[in-house]
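If you want the building blocks of each chain, they are given just below.
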Amino acid sequence: TSAASPGTLLVGDVGWSNWEETDVVAQPGQNFGWPCMEGFHANLPYQTAGPAHNGCGSVGSPTNPNAWTPPISDWNHTDATLSSPPGVTGLAAAGGAFYSDTLYPGSYRGRYFFADYAEGWIRVATVGSNLTLMSTLDFGSTMESPVDLRVNPANGDLYYVSIATGEVRRIRYTGPVESNSAPLAQAAATPRF
């Protein structure tokens with residue numbers, strides 16, 4: 001897509017006191033709830049802050065017309081059982097990249113790699129065609145403050161910046177890659193009915 005129309009984006013949204021999240025930006029003007037919401041949860045310290053402000057109670061008004069769009073996942077800062085999906089904690093969401101090359105095993109193709117800078121992990125998400133989260137899997141747990149994940153179009157490997165070490169790191173798969181992957185069906189017809 002062109003720079004003026006990047007298409008649908010997945011964004012790592014850093015929270016405040018309790019939650020981090022991944023948002024799907026599918027159109028302009030979406031409201032992800034900040035600072036009134038963190039993840040799927042009300043941000044009570046902000047909602048009860050004084051003085052009164054044009055914020056949490058203004059959703060749907062002329063100054064804040066768009067309803068809140070919930071994230072596809074969130075993770076708690078301290079309690080992994082509260083995260084959605086459960087099982088991970090983190091303190092600073094970092095966006096990621098979709099892997100579309102063929103150098104990694106099929107289970108990683110078409111998947112979204114995302115990270116948490118403070119906890120040092122990278123995870124892999126399966127996102128459905130309707131832009132909902134289907135599943136997440138652990139990928140790396142000692143990545144030393146990963147940010148800015150990208151797939152290198154020249155060699156097909158995933159790269160990230162390790163802020164803690166000041167390095168750009170390459171993730172290279174060295175095992176056998178299945179040569180007989182499942183086909184990707186594509187069809188079109190005119191007329192459509």
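Attention in this report is confined to the structure presented alongside it. (Residues numbered from 1 in each chain as written. Predicted model: local features only at pLDDT ≥ 70, side-chain atom pairs only at ≥ 80, totals over all residues. Heavy atoms only, no water.)

A separate point is the pattern of salt bridges. Evaluated as defined, the whole model comprises five salt bridges. Here Arg 150 makes a salt bridge to Asp 148, at a shortest N to O gap of 2.8 Å. Between Glu 167 and Arg 169 there is a salt bridge whose closest N-O contact spans 2.9 Å. Arg 169 gets classed as buried once you look at its relative accessible area, which sits at 18%. Through salt bridges that share partners, Glu 144, Glu 167 and Arg 169 make up one connected network. (Salt bridge = Lys/Arg side-chain N within 4 Å of Asp/Glu carboxyl O. Buried < 20%, exposed > 50% of the residue type's maximum accessible area, 1.4 Å probe, protein only.)

As summarised here, the arrangement of the three strands in space is E1-E2-E5, forming an open sheet in which the pairing is antiparallel. Where the open sheet ends on each side, the last strands, each with one partner, are strand E1 (9-13) and strand E5 (73-76). On average, adjacent strands in this sheet sit at an angle of 15° to one another, irrespective of strand direction. Bridge analysis of strand E2 (residues 19-25) against E5 gives four bridges, and the strand direction is antiparallel. Bridging across to E5, Glu 21 finds its partner in Asp 74. (Pairing = 2+ DSSP bridges. Helix = DSSP H or I, 4+ residues; strand = E, 2+ residues; numbered from the N terminus. Axes fitted to C-alpha atoms, helices over the stretch in contact; angles between N-to-C directions.)

A few words on the sheet that holds strand E12 (residues 167-171). Taken in spatial order, the three strands line up as E10-E11-E12 in an open sheet, and their pairing is antiparallel. With partners counted over all chains shown, the strands left at the sheet margins are strand E10 (146-151) and E12, one partner each. Sheet twist, expressed as the mean angle between neighbouring strand axes with direction ignored, is 25°. The pairing of E10 with strand E11 (residues 158-162) spans four bridges and is antiparallel.

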